[in-house]
Amino acid sequence: MVGPAAQREGVAHLQAHFDLSERRACKIVSADRTMIRYQSKRPPDTDLREKLRKLAQARKRFGYRRLYHLLRRGGEPSGITRIYRLYREEGLTVRKRRGRRRAVGTRAPILVEARPNARWSLDFVHDQFACGRRFRILNIVDDVTRECLAAIPDTSISGKRVARELTALIERRGKPGMIVSDNGTEFTSNAMLAWTQEHAINWHFIAPGRPMQNGFCESFNGRMRDELLNESLFLGLDHARTKLNTWVDDYNYQRPHSAIGYQTPADYAFNLNTKLPATSDRLRNPDQLRRSNVAPTTPEGVKQPKTLIATG
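Note that the structure is predicted; figures quoted are calculated from it, not measured.

Rules behind the numbers
- Residues numbered from 1 in each chain as written.
- Predicted model: local features only at pLDDT ≥ 70, side-chain atom pairs only at ≥ 80, totals over all residues.
- Heavy atoms only, no water.
- Helix = DSSP H or I, 4+ residues; strand = E, 2+ residues; numbered from the N terminus.
- Buried < 20%, exposed > 50% of the residue type's maximum accessible area, 1.4 Å probe, protein only.
- Contact = heavy atoms within 4.5 Å.
- Areas by Shrake-Rupley, 256 points an atom, 1.4 Å probe, with all protein chains shown as cover.
- Phe/Tyr/Trp six-rings, centres within 6.5 Å; stacked < 30°, edge-to-face > 60°.
- Lys NZ or Arg CZ within 6 Å of the ring centre and 35° of its normal.
- Salt bridge = Lys/Arg side-chain N within 4 Å of Asp/Glu carboxyl O.
- Pairing = 2+ DSSP bridges.
- Axes fitted to C-alpha atoms, helices over the stretch in contact; angles between N-to-C directions.

Let us now look at the overall build of the protein chain. Across its full length, the protein chain carries 13 helices and seven strands. Here the protein chain holds 312 residues, and the buried ones make up 43% of them. For the protein chain, restricting intrachain contacts to residue pairs at least 6 apart in sequence, the fraction spanning at least 24 positions comes to 65%. Carbon and sulfur atoms make up 49% of the accessible area of the protein chain, which amounts to about 18,700 Å² in all.

As a further point, take the packing of aromatic side chains. According to the stated counting rule, one finds eleven aromatic pairs in the structure shown. Judged by centre distance (6.4 Å) and plane angle (90°), the rings of Trp195 and Trp203 are edge-to-face. Judged on exposure class, the residue Trp195 and its partner Trp203 are both buried. Feature note: the residues Phe124, Phe187, Trp195, Trp203 and Phe205 constitute an aromatic cluster, connected by ring pairs. The positively charged end of Arg66 is found above the aromatic ring belonging to Phe62, 5.9 Å away from the centroid. Note that Arg136 overlies the ring of Phe124, its terminal NZ or CZ placed 4.0 Å from the centroid.

Here we come to the side chain of Ser121. Among the secondary structure elements, Ser121 is positioned in strand β2 (residues 120–128). Residue contacts for Ser121: discarding those within four places in its chain leaves Asn139, Ile140, Val141, Asp143, Val180, Asn214 and Cys217.

Okay, the pattern of salt bridges next. In a structure, side chains of opposite charge can pair up when their charged atoms sit close to one another. Under the counting rule described, the total for this entry stands at 23 salt bridges. Linking Arg53 and Glu90 is a salt bridge whose minimum nitrogen-to-oxygen distance equals 2.7 Å. Within this pair, whereas Arg53 is found in helix α4 (residues 46–58), its partner Glu90 is found in the loop between α6 (80–89) and β1 (112–113), the two being separated by 37 residues in sequence. With relative accessibility at 31%, the residue Arg53 sits in the partly exposed group.

With that settled, consider helix α5 (residues 64–73). All of the buried residues in α5 are Tyr64, Arg66, Leu67, Tyr68, Leu70 and Leu71. Of the surrounding elements, those touching the buried residues of α5 are α4 and α6. Phi turns positive, to about 100°, at Gly75, one or two residues after α5.

Across the sheet, which stays open at both edges, the five strands sit in the order β4-β3-β2-β5-β6 with mixed pairing between neighbours. Two strands in the sheet have a free side with no partner beyond their single neighbour: β4 (148–154) and β6 (202–205). Across this sheet, the average inter-strand angle for adjacent strands is 20°, counted without regard to direction. Two elements, strand β3 (residues 134–142) and β4, share six bridges in a ladder whose sense is antiparallel. The residue bridging Ile140 from the neighbouring strand is Ala150, located in β4. Across the sheet, helix α7 (residues 159–173) touches β2, β3, β4, β5 (178–181) and β6, and the angle it forms with β2 is around 130°.

With that settled, the discussion passes to the environment of Leu70. Structurally, Leu70 is set in helix α5. In this structure Leu70 comes out as buried when scored by relative accessible area, which is 13%. C-alpha of Leu70 to C-alpha of Arg255: the two residues are 185 residues apart in sequence and 8.2 Å apart in space. What Leu70 contacts, discounting residues up to four positions off in sequence, is Leu55, Arg59, Phe62, Gln254 and Pro256.

Purely geometric stuff here, so don't read any function into it on its own.
Put into structure tokens, the structure is as follows:
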């Protein structure tokens, strides 16, 4: 019995079952009598506990740090230590889903160009409707601002469809400095290679079997699966589009992102454009920019579209 609660229970048990005095019971369990008699004067924090429970119920996959930042954004003055204590006492700890073991490799230091549209990442996520039919989602992420630029669901997405969606996105947002993806057939098709040459965009393919060379989009896919896909039942394609649009808006404008100092991606992009108008074309050292780095301009093992064309 090493904790005050356990010692109080031990003293109460000795007094109830063996008819011992408080002095003798405290001596047996090596407890201080003042500690046994102490009554906590800590306020119950009823309103804060209720607010924390409601927020945790609405954000089922959020830990105490993100809940803390959401509460502070709403005007709550309590510190993170107090929020963590209430979080534990209310039993709101998020259960971690067990994943398969993965090999651990070395990580090279990487640089980032500190401006929006410096680099986009593309990848697919798969899920299924309530009827069992499978569908896929094309995710496009800005690696610097962490914004989700598009999440396009459909039962089939070809290379031509990817080219059309990228063209529409460039018209709305502007041309990216670089695009990174894996070696999927949608990205290495003739339609995509022709689109890359037509728009003069530097497209890099990660090395086969190295998904972490596209780590920003892979991380985003994990957040989407954990917070949306595993928590939702999609009735059809229109329902999936509605749920995805709502979640993407929340991700960009409401959800605090730990890698950018618990700002929202939209706020971070706005601050980046405001604070760095003259230095947006410089490469910053990753040691000076915590967790905001993207992969180097020429990652190890990647291939450019013109190389793939030359090799057939």
